[in-house]
Amino acid sequence: VLAFVIVFLISEMEKHDTIKRKIAWISFIAIIAFYIYSLSLISVSFDCVYSPDTVKEISQYIKSHSTKEDAVLSGAMIWTLESNTRPFMNKTHPSGYLRKMDKDQIIQIGLEMEKENPKFIVLDGYTEKIFLENVNSIRNSLNESYLLVKEEDGSKYPVKVYELK
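From a predicted model like this one, the values you see are computed outputs, not experimental measurements.

A. Inspection of the nonpolar core at higher detail. Counting 17 residues, the largest nonpolar core has Tyr97, Met101, Ile109, Ile121, Phe131, Ile138 and Leu142 as the members making the most contacts within it. Those elements that place two or more of their residues in this core are α5 (103-115), β3 (120-123), α6 (126-132) and α7 (136-145). Setting aside residues up to four positions removed in sequence, Ile109 forms contacts with Phe88, Met89, Tyr97, Met101, Phe131, Val135 and Ile138. In terms of nonpolar packing, the next biggest core, distinct from the first, is built from 14 residues, Val49, Ile62, Val72 and Phe120 among them.

B. Looking closely at unusual backbone geometry. Phi at Asn84 takes a positive value of approximately 60 degrees, unusual for a residue other than glycine. With respect to the element layout, Asn84 can be found in the loop between α4 (78-83) and β2 (86-87). The exposure class of Asn84 is partly exposed, given its relative accessible area of 40%. Positive phi, close to 55 degrees, is recorded for Asn90, a residue that is not glycine. Inspection of the secondary structure assignment puts Asn90 in the loop between β2 and α5.

C. Quick peek at the packing of aromatic side chains. Taken as a whole, this structure holds three aromatic pairs when the rule is applied. Geometrically, the ring pair formed by Tyr126 and Tyr157 is edge-to-face, given 5.6 Å between the ring centres and 75 degrees between the ring planes. Of the two residues, Tyr126 sits in helix α6 while Tyr157 sits in the loop between β4 (146-152) and β5 (159-164), which places them 31 residues apart along the sequence. Classification of Tyr157 by relative accessible area gives buried; the value is 18%.

D. Structural detail: the pairing of β5. In this structure, β3 lies alongside β5, joined through four bridges in antiparallel fashion. Paired with Phe120 across the bridge in β5 is Glu163. Where β4 meets β5, six bridges bridge the pair, whose relative direction is antiparallel. Bridge pairing in β5 places Glu151 opposite Lys160. The antiparallel hairpin formed by β4 and β5 contains six residues in its connecting segment.

E. Geometry of the pattern of salt bridges. Taken as a whole, this structure holds five salt bridges when the rule is applied. Arg86 is paired through a salt bridge with Glu116; the nearest N and O atoms lie 2.7 Å apart. Of this pair, Arg86 sits in strand β2 while Glu116 sits in the loop between α5 and β3, and the two are 30 residues apart along the sequence. Judged by its relative accessible area of 23%, Arg86 is partly exposed. According to the relative accessible area criterion, Glu116 is partly exposed, its value standing at 36%. Note that Glu163 and Lys119 form a salt bridge whose closest N and O atoms lie 3.8 Å from each other. Pair noted here: Glu163 is in strand β5 and Lys119 is in the loop between α5 and β3, with a separation of 44 residues, a long-range link.

The rules behind these values
- Residues numbered from 1 in each chain as written.
- Predicted model: local features only at pLDDT ≥ 70, side-chain atom pairs only at ≥ 80, totals over all residues.
- Heavy atoms only, no water.
- Core = buried A, V, L, I, M, F, W, Y, C linked by side-chain atoms within 4.5 Å.
- Buried < 20%, exposed > 50% of the residue type's maximum accessible area, 1.4 Å probe, protein only.
- Helix = DSSP H or I, 4+ residues; strand = E, 2+ residues; numbered from the N terminus.
- Contact = heavy atoms within 4.5 Å.
- Phe/Tyr/Trp six-rings, centres within 6.5 Å; stacked < 30°, edge-to-face > 60°.
- Pairing = 2+ DSSP bridges.
- Salt bridge = Lys/Arg side-chain N within 4 Å of Asp/Glu carboxyl O.

Purely spatial values, then, with no claim about function.
Right, here's the structure in full:
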C-alpha cells in the first residue's frame, strides 16, 4: 500500500522534479528501515509450541501402542506425523476449525465420533480450543470411553494422551 501511494504521488508530480527526488529518497530510506527492522524479528531460538522431548515421548507412546490404521484426534498434527498414524476424519489441518465451527461441521464430527472413535485423543492445547469447545460429544466420549495413559508437561501446553478403553 505504501509503495502504491508513493508511485501515485510521484506520477502526479511530473513537473516538480525536486519533490520527486525527495519522495524517492524518503521512500528508499523507509524501505531500508523496514527491512532492517524485519531482520531483528528473525531468530534461531526454539520457538515451537512443543519441545522435542515432548514430541518424542508422546509420539513414541502412540507409535508403540497403535497401527497405521489407528486414528488420532488432536489439534496439532505432529503426533500423527511422528507416530505414523492417521488423523481423525483424515483432517490434516484441523486448525481450520480454530475460528468457529458451523452447525454442519459439529454434526459431522459428532457422527464420525459415533461411527468410529479414534484410538487416541491427544489434548495438546489446540484440541481443547478446536474440538472440545465446540463438539460436546467428544468431551462426553472422552469421559466415558477413554483412559489417560500418558502426560508430558515440558512444553507451552501440557500434553495428555487418552486411549480408547
